[in-house]
Amino acid sequence: MGIGKADVVGKELKYFFYEWELRICILLSLFLQILLILGGPLRKRVSHKGLHVLLWSAYLLADATAIFAVGLIASKQAAYSNHYLNAPPNSILHTFWAPFLLAHLGGPDPIAAFALEDNELWLRHLFSLFTQCTAVAYVFYQSLTPDKLLVPSLLMFLCGIIKYAERTYALYCASGKTFRDSILNEPESNTPEKWREFSALPVNSENVNMRNATDLKPLEVVKYAFLCFSYFKGLVVDLIFSFRAHSESRKLFLARSSSDAFRVVEVELNFLYDVFFTKLPVVYHQVGIGCRAVSVGAIVTSLVLFHYVDKKYLKPEGFEVGITYILLFGGIVLEVIAFFMLVFSDWTVVKLDHLPNENPDEQSWKRMFMDFIVNVNVRRGEIICWLLNIGGVRGSGSDYVSEPTDRSIRAFLDEMVYVKQHPLPFYVKDFIFKELKIKSEKAYNPDIAMQICSAKGEWVLGTAGYSSSNLFTLVKDIEYDESQGRT
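Because the structure is a prediction, the values reported are computed rather than measured.

Brief notes about the overall build of the protein chain
Step number 1: Summing up its helical and strand segments, the protein chain has 22 helices and zero strands in all.
Step number 2: Each of the 487 residues in the protein chain was classed as buried or not, and the buried ones make up 42%.
Step number 3: The contacts of the protein chain with a sequence gap of at least 6 include a subset with a gap of at least 24, amounting to 81%.
Step number 4: Roughly 27000 Å² of accessible area belongs to the protein chain as shown, and the carbon and sulfur atoms make up 64% of that amount.

Next comes the structure, spelled out in C-alpha cells:
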C-alpha cells in the first residue's frame with residue numbers, strides 16, 4: 001500500500017511539474033527583470049553585501065531561466081508535432097511567450113554587466129543571440145500559422161532581437177580593447193615636449209580665471225563631472241590624458257572647495273559606472289533611441305492585436321491567457337520604468353548641453369528642464385539613502401572607507417555580518433584635498449609632477465624640515481624591504 005501511495009504522489013508531482021514548469025519559469029523570468037531594473041541602480045548608492053548577493057544571484061538566474069524556458073517551449077512543441085495529432089489549444093500561447101524570453105535575455109538598462117569581466121564575454125552573448133534567435137524561430141516554425149498570433153509574435157520577436165542586441169553591443173563597447181580603441185588620441189598630442197610647452201606656467205588658485213565654486217549648483221556639478229569624465233576615462237584602460245585635460249582639470253580643481261571637488265568626482269564616477277555596467281551610453285545614441293522606439297511600439301501593438309484576436313480556440317478562462325496579459329503589461333511597465341530612468345538621468349543633461357555655462361543664473365526652457373532633472377535625481381538619491389540606510393550608502397557627496405583586501409569566503413561573510421561602513425568625516429576629506437591642492441600648485445612641469453607622484457614619503461619629510469635626517473635617506477634612496485633591516 002505504501003508503494004502504491006508513493007507512486008500516486010509521484011505521478012501527481014510529475015503531472016504538476018509538467019503543467020506548471022513553463023508557467024513558473026515565465027513568471028520567474030518576468031519577476032527577475034522587475035527586480036533587476038529596480039535594484040540595479042541601487043548598486044551605485046548602497047554598498048551592503050546582502051544587496052550585491054541578491055542582485056548577483058538575480059543577474060545569473062535571469063539568463064539561465066530565460067534560456068531554460070525557451071528550451072522547454074521548443075521541446076514541448078516538438079513533442080506535440082512528433083507524438084500528438086492534436087496539440088492543446090493553448091500551446092499556441094507558449095509559442096507567443098518565446099520572444100518575450102528573448103527580450104528578457106536583453107536585460108534591463110541599469111545592469112547590462114555585473115562585473116568588468118562580464119564585458120569581455122560579449123562574444124559569448126553574441127553567439128547566444130544567434131542561438132536563441134534560431135531556437136525561437138524553430139518554435140515559430142513548429143506552431144505558428146497566419147491566423148494564429150503570427151503578427152504579434154513577429155513583433156515581439158523583433159523587440160527581443162533589439163533588446164538582446166542592445167545588451168550585446170553595450171558589453172562590446174565596454175570591453176577593454178574596444179573602450180581603449182574608442183578613446184585613443186593622436187600619438188603626437190601626448191609627447192613630453194608638448195606637455196612642457198602647454199604647462200610651462202605655474203597655476204595656482206589665485207590666478208585661475210574661473211568662478212568661485214563654493215556654491216556650485218547641482219547642474220554645474222553634473223556638467224563639470226562629465227567634463228572630467230571625458231578627460232580621465234582613458235586612465236581606466238592605461239591611457240594617459242591629453243595636455244588640454246591636464247591643464248583644464250588642474251584649473252578646475254584648484255578653484256574648487258573640497259566639498260565641491262568630492263561632489264564632482266562622485267558624479268564623474270557615476271558616469272564611468274554607467275559606461276561599464278549599464279546600457280545607457282548605447283541607448284542614448286541616435287540609433288539606440290530609434291531602436292528603443294521600435295521595441296516599445298512593437299510591445300504596445302502586440303498587446304492591442306492580442307486583445308482583439310479571437311480567443312475562442314484559446315480557452316479564455318485558461319491560465320495561459322492571464323499569463324500572456326501579465327507578460328504584455330509587464331513588458332510595457334518595464335519600458336515605462338526604463339523611459340523615466342532615461343529621462344531623469346545625468347546623461348540627458350549632458351546630451352542637452354554638456355558644456356558648463358559661464359552664466360549659471362541664465363533662465364531658459366532648456367536650463368529649467370535640466371535643473372528639474374538634476375533636482376529630481378538629488379531628491380531621489382536622498383529618499384533612497386533614507387529608506388535603505390543599511391551598511392554604507394553612497395550619495396550626496398558621502399564617501400566611505402575602502403573595502404578589505406581579503407577576498408576569502410569567510411571574510412566576505414564576516415563583512416556582511418559584522419562590518420558597518422561609516423562616512424569619512426568632512427575634515428578628513430578637506431585635509432586630503434588641501435594636500436593634493438598644494439602638490440598640484442607645485443607640479444607645473446612634468447619633472448616635478450613625476451617627483452611628487454613617485455615620492456614614498458620623502459616629500460612630507462622634506463616639507464617638514466627633516467631632509468637631513470637618517471630617516472629621510474632610508475625613505476628616499478632605499479627600497480622598503482631593505483629599509484626594514486636598517487632601522
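Having seen it, we continue.
Quick word on the UniProt feature "transmembrane region" (unreviewed entry) in the protein chain
Step number 1: Mapped onto this structure's residue numbering, the UniProt feature "transmembrane region" (unreviewed entry) falls at residues 20-41, 53-74, 224-243, 289-309 and 321-344.
Step number 2: As a span, residues 20-41 carries 91% helix and 0% strand, and end to end its C-alpha atoms are 32 Å apart.
Step number 3: A helix fraction of 95% and a strand fraction of 0% characterise residues 289-309, whose end C-alpha atoms lie 30 Å from each other.

Examining unusual backbone geometry
Step number 1: Unlike most non-glycine residues, Asp 238 shows phi in positive territory, near 65°.
Step number 2: On the secondary structure map, Asp 238 appears in the loop between α9 (218-232) and α10 (243-254).
Step number 3: The exposed category is assigned to Asp 238, whose relative accessible area is 69%.

Examining the nonpolar core
As a rule of thumb, nonpolar side chains are buried together in soluble globular proteins.
Step number 1: If you look at the biggest cluster of nonpolar residues, it comprises 43 residues, and the most contacted ones within it are Val 222, Phe 229, Phe 253, Val 264, Phe 271, Trp 347 and Val 349.
Step number 2: The residues contacting Val 222, other than those within four sequence positions of it, are Val 267, Phe 271, Asp 346, Val 349, Val 350 and Val 374.
Step number 3: Ranked by size, the runner-up nonpolar core spans 41 residues in total, among them Cys 25, Trp 97, Leu 303 and Leu 327.

Details of the pattern of salt bridges
Step number 1: Applying the stated rule across the entire model yields 14 salt bridges.
Step number 2: Lys 163 serves as the salt-bridge partner of Glu 335, at 2.5 Å between the closest nitrogen and oxygen. With a gap of 172 residues between them, Glu 335 in helix α14 (residues 319-343) and Lys 163 in helix α6 (residues 150-174) connect regions that are remote in the sequence. With respect to burial, Glu 335 and Lys 163 carry one shared label: buried.
Step number 3: Connected through salt bridges with shared partners, the residues Asp 109, Glu 166, Lys 279 and Arg 292 form a single ionic network.

Details of the packing of aromatic side chains
Step number 1: Taken as a whole and judged by the stated rule, the model has 21 aromatic pairs.
Step number 2: The interplanar angle of 35° and the centroid separation of 5.0 Å between the aromatic rings of Tyr 273 and Phe 277 together place this pair among those described as tilted. Of this pair, Tyr 273 and Phe 277 both sit in helix α11 (residues 258-277), four residues apart, which is roughly one turn of the helix. Across the pair, exposure class does not vary: Tyr 273 and Phe 277 are buried alike.
Step number 3: Where Phe 340 meets Phe 344, the ring centres are 6.4 Å apart and the plane angle is 10°; that geometry is what we call stacked.
Step number 4: Chaining the aromatic ring pairs together yields one cluster made of Phe 96, Phe 100, Phe 306, Tyr 325 and Phe 329.
Step number 5: The ring of Phe 262 is capped by Lys 429, whose NZ or CZ atom sits 5.4 Å from the centre of that ring.

Topic: the packing of α6 against helix α13 (residues 286-308)
Step number 1: Look at α6 against α13: their axes get within 9 Å of each other, and the N-to-C directions meet at 150°. Relative to α13, the element α6 lies roughly antiparallel. Regarding α6 and α13, the two cross each other, and that crossing is left-handed. On the side of α6, the interface is formed by Val 151, Pro 152, Leu 155, Met 156, Leu 158, Cys 159, Ile 162, Lys 163 and Glu 166, while α13 contributes Gly 288, Cys 291, Arg 292, Val 294, Ser 295, Ala 298, Ile 299, Thr 301, Ser 302 and Leu 305.
Step number 2: Across the contact of α6 with α13, the residue classes break down as 12 nonpolar, four polar and three charged.

A closer look at helix α18 (residues 426-442)
Step number 1: Its 17 residues give α18 an end-to-end C-alpha distance of 25 Å, which sits within 8% of 24 Å, the value for a rise of 1.5 Å per residue.
Step number 2: Buried within α18 are the following residues: Lys 429, Asp 430 and Phe 433. Buried residues of α18, seen end-on, are gathered within an arc of 95° and therefore sit on one face of the element. Of the exposed residues in α18, the ones pointing more than 90 degrees away from its buried face are Tyr 427 and Phe 431.

A few points about a nonpolar patch on the surface
Step number 1: Where nonpolar side chains cluster on the molecular surface, the patch consists of Leu 13, Phe 16, Phe 17, Ile 24, Leu 28, Phe 31 and Leu 61 and spans about 640 Å² of accessible area.
Step number 2: The greatest single-element share of the nonpolar patch, amounting to six residues, is contributed by helix α1 (residues 2-39).
Step number 3: Looking at the element boundaries, Phe 16 is found in helix α1.
Step number 4: Phe 16 gets classed as partly exposed once you look at its relative accessible area, which sits at 39%.

Some remarks on the environment of Tyr 444
Step number 1: Residue position: Tyr 444 is located in the loop between α18 and α19 (446-453).
Step number 2: With a relative accessible area of 32%, Tyr 444 lands in the partly exposed category.

Remarks on the confidence of the model for the protein chain
Step number 1: With 75% of its residues at a pLDDT of 70 or more, the protein chain has an overall mean of 79.
Step number 2: When the elements of the protein chain are averaged for pLDDT, helix α8 (residues 192-198) gives the smallest value, 43, and α6 the largest, 94.
Step number 3: With pLDDT under 50 throughout, residues 186-213 is counted as low confidence; its partners more than four residues away or in other chains account for 53 contacts.

Examining the packing of α10 against α18
Step number 1: Two elements in contact, α10 and α18, have axes separated by 10 Å at closest approach and are oriented at 135°. Viewed along their axes, α10 and α18 adopt a mutual orientation that is oblique. Relative to α18, α10 is oriented so that their crossing is left-handed. Every residue of α18 that contacts α10 at Arg 250, Phe 253 and Leu 254 is listed here: Phe 433, Lys 437, Ser 440 and Glu 441.
Step number 2: Its residues placed into classes, the contact of α10 with α18 shows three nonpolar, one polar and three charged.

Considering the side chain of Gln 132
Step number 1: Structurally, Gln 132 is set in helix α5 (residues 122-143).
Step number 2: If near-sequence neighbours (up to four positions away) are discounted, Gln 132 is found in contact with Ile 67, Val 70, Leu 102 and Leu 105.

About the cut-offs
Residues numbered from 1 in each chain as written. Predicted model: local features only at pLDDT ≥ 70, side-chain atom pairs only at ≥ 80, totals over all residues. Heavy atoms only, no water. Helix = DSSP H or I, 4+ residues; strand = E, 2+ residues; numbered from the N terminus. Buried < 20%, exposed > 50% of the residue type's maximum accessible area, 1.4 Å probe, protein only. Contact = heavy atoms within 4.5 Å. Areas by Shrake-Rupley, 256 points an atom, 1.4 Å probe, with all protein chains shown as cover. UniProt positions renumbered as here; feature names shortened; annotations may be inferred. Core = buried A, V, L, I, M, F, W, Y, C linked by side-chain atoms within 4.5 Å. Salt bridge = Lys/Arg side-chain N within 4 Å of Asp/Glu carboxyl O. Phe/Tyr/Trp six-rings, centres within 6.5 Å; stacked < 30°, edge-to-face > 60°. Lys NZ or Arg CZ within 6 Å of the ring centre and 35° of its normal. Axes fitted to C-alpha atoms, helices over the stretch in contact; angles between N-to-C directions. Parallel < 35°, antiparallel > 145°, perpendicular 65-115°, else oblique. Left-handed = near helix turned anticlockwise from the far one by under 90°. Nonpolar A, V, L, I, M, F, W, Y, C, P; charged D, E, K, R; others polar. Expected span 1.5 Å × (residues − 1). Arc of directions from axis to C-beta. Patch = residues over 30% accessible without salt bridge, like charges linked within 9 Å, V, L, I, M, F, W, Y side chains within 5 Å. pLDDT = per-residue confidence, 0-100.

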